[in-house]
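Commentary on secondary and tertiary structure
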Amino acid sequence: MFRIAPSILSADFARLGEEVRDVIASGADWIHFDVMDNHYVPNLTIGPLVCEAIRPHTEAPIDVHLMVKPVDRIVPDFAKAGANLISFHPEASEHVDRSLALIREHGCQAGLVFNPATPLAWLDHVMDRVDLVLLMSVNPGFGGQKFIPGALDKLREARVRLDAYEEKTGRRIMLQVDGGVKADNIAEIARAGADTFVAGSAVFGAASTDDPHRYDSVIGAL
Ligand code: DX5
Ligand code: ZN
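Residues numbered from 1 in each chain as written. Chains lettered and ligands numbered in written order. Predicted model: local features only at pLDDT ≥ 70, side-chain atom pairs only at ≥ 80, totals over all residues. Heavy atoms only, no water.

- By the naming in an unreviewed UniProt entry, the protein is Ribulose-phosphate 3-epimerase, taken from Azoarcus taiwanensis.

Below, the structure is given as structure tokens:
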């Protein structure tokens, strides 16, 4: 089961509700919601208010990627604003296990995000609290960056770990990749083991018309 999660970071913010509706109507599965605080990453984007604003425009899961430090304080607000899944960077949390538990206590699925240089060892003692592993194939902070090829080996390593965990527990943890995913590399990324794909500029970068089907071909190509 492959899921496409367009990142609205590259969408037209002057008509965000329409962008969300149309990209899901074109076949996307989730909405990837990039939160940046200009502290943990050198950029500033959107918060719970915008999540609340887009919530009525789609039934699709809103996948909130927190690039913020600290993590815990903002979790309840995103849960209240309609987030379905909240993922965060372990380096940005004082207590990773507690942050994962907090996300689930607020009714959301919990994800752990790994920057290109962040070792998978952060998973060692929290696998039971994780619903999704997100591997960054760019350094976080901006859309439109180039895919870092080294991410493929890390994906393969993560796939082996998650398959072994599923074998043992019967519980599947989703494996998401984020950054520089395009139509010409997504097949290789899928072969390396990802099942959920974030794509920002590959999706929203192309279209600029008012045609409600403007995303059909680009989503179909992924
Ligand atoms: C980067 C974000 C990504 C980014 C993806 O920090 O987490 O989700 O928006 O954009 P593209 O697909 O253009 O690399
Ligand atoms: Zn992201």
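The discussion continues.
A short note on the UniProt feature "binding site: substrate" (unreviewed entry) in the protein
- UniProt annotation of "binding site: substrate" (unreviewed entry) refers to Ser7, His65, Gly141, Phe142, Gly143, Gly144, Asp178, Gly179, Gly180, Gly200 and Ser201 when read in the numbering used here. For the largest cavity, the lining residues among the annotations just cited are Ser7, His65, Gly141, Phe142, Gly143, Gly144, Asp178, Gly179, Gly180, Gly200 and Ser201.
- Residue position: Gly141 is located in the loop between strand 6 (132-136) and helix 5 (151-169).
- With residues up to four places along the chain from it excluded, the contact list for Gly141 reads Met36, Val41, Asn43 and Met67.
- Classification of Asp178 as buried rests on a relative accessible area of 7%.
- Beyond its immediate sequence surroundings of up to four residues, Asp178 is in contact with His32, Asp34, His65, Leu134, Leu135, Met136, Ser137, Val138 and Val198. (UniProt positions renumbered as here; feature names shortened; annotations may be inferred. 1 Å grid on protein atoms, 1.4 Å probe; cavity = no way out; pocket = protein on both sides within 12 Å on 5 of 7 lines; lining within 4 Å. Helix = DSSP H or I, 4+ residues; strand = E, 2+ residues; numbered from the N terminus. Contact = heavy atoms within 4.5 Å. Buried < 20%, exposed > 50% of the residue type's maximum accessible area, 1.4 Å probe, protein only.)

Description of empty space enclosed by the protein
- For the structure on display, the rule yields one cavity of 30 Å³ or more.
- Looking at the largest cavity, its volume works out to about 200 Å³.
- Taken together, 25 residues line the largest cavity, and the ones lying closest to its centre are Phe142, Gly143, Gly144, Asp178 and Gly179.
- Contributing elements (two or more residues each) for the lining of the largest cavity: strand 2 (31-36), strand 3 (62-67) and strand 8 (196-199).
- A class-by-class count of the residues in the lining of the largest cavity yields 10 nonpolar, 12 polar and three charged. (Points joined across faces, edges and corners; volume = space filled by probe spheres on them. Nonpolar A, V, L, I, M, F, W, Y, C, P; charged D, E, K, R; others polar.)

A few points about the coordination of the zinc ion (ligand 2)
- The zinc ion (ligand 2) binds to the protein through His32 (NE2), Asp34 (OD), His65 (ND1) and Asp178 (OD), with metal-donor distances spanning 2.1 to 2.3 Å.
- Geometry at the zinc ion (ligand 2) is octahedral, judged from the six donor atoms that bind it and their angles of 73 to 174 degrees at the metal.
- All donors to the zinc ion (ligand 2) come from one chain, and their sequence spacing reads H-x1-D-x30-H-x112-D. Taken as a pair, His32 in strand 2 and His65 in strand 3 lie far apart in primary sequence, 33 residues in all. In this pair, the class of His32 matches that of His65, namely buried. (Donors = N, O, S within 2.8 Å, 3.2 Å for Na, K, Ca; no water. Tetrahedral: all angles 85-135°; square planar, octahedral: opposite > 155°, others 65-115°.)

Notes on the site of ligand 1
- Around ligand 1 sit 20 residues in total, of which Asp34, Gly141, Asp178, Gly200 and Ser201 are the nearest.
- Separating an oxygen atom of ligand 1 from a side-chain N or O atom of Asp34 is a distance of 2.7 Å.
- Here an oxygen atom of ligand 1 and a side-chain polar atom of Ser201 are 2.5 Å apart.
- In the complex, the protein chains occlude 100% of the 380 Å² of accessible area that ligand 1 would expose alone.
- Because more than half of its atoms lie within 2 Å of the grid, ligand 1 is assigned to the largest cavity.
- Residue contributions to the shell around ligand 1 peak at three residues, all from strand 2.
- Residue classes in the shell around ligand 1 are distributed as eight nonpolar, 10 polar and two charged. (Near = heavy atom within 4 Å. Polar contact = N/O pair within 3.5 Å; in protein donor to acceptor, adjacent residues only side chain to side chain. Areas by Shrake-Rupley, 256 points an atom, 1.4 Å probe, with all protein chains shown as cover. Sits in = over half its atoms within 2 Å of the grid points.)

A short note on helix 4 (residues 96-105)
- Taken residue by residue, helix 4 has Val96, Ser99, Leu100, Ala101, Leu102 and Ile103 as its buried positions.
- Check the buried side of helix 4 and you find it contacts helix 3 (75-80), strand 4 (85-88) and strand 5 (109-114).
- Looking one or two residues past helix 4, Gly107 carries a phi angle of roughly 85 degrees, positive in sign.

Some points on the pattern of salt bridges
- This model, assessed by the stated rule, comprises 16 salt bridges.
- For Asp12, the salt bridge is made with Arg15, and the minimal N-O distance between the two is 3.2 Å.
- In this structure Asp12 comes out as partly exposed when scored by relative accessible area, which is 32%.
- Judged by relative accessible area, Arg15 falls into the buried class, the value being 15%. (Salt bridge = Lys/Arg side-chain N within 4 Å of Asp/Glu carboxyl O.)

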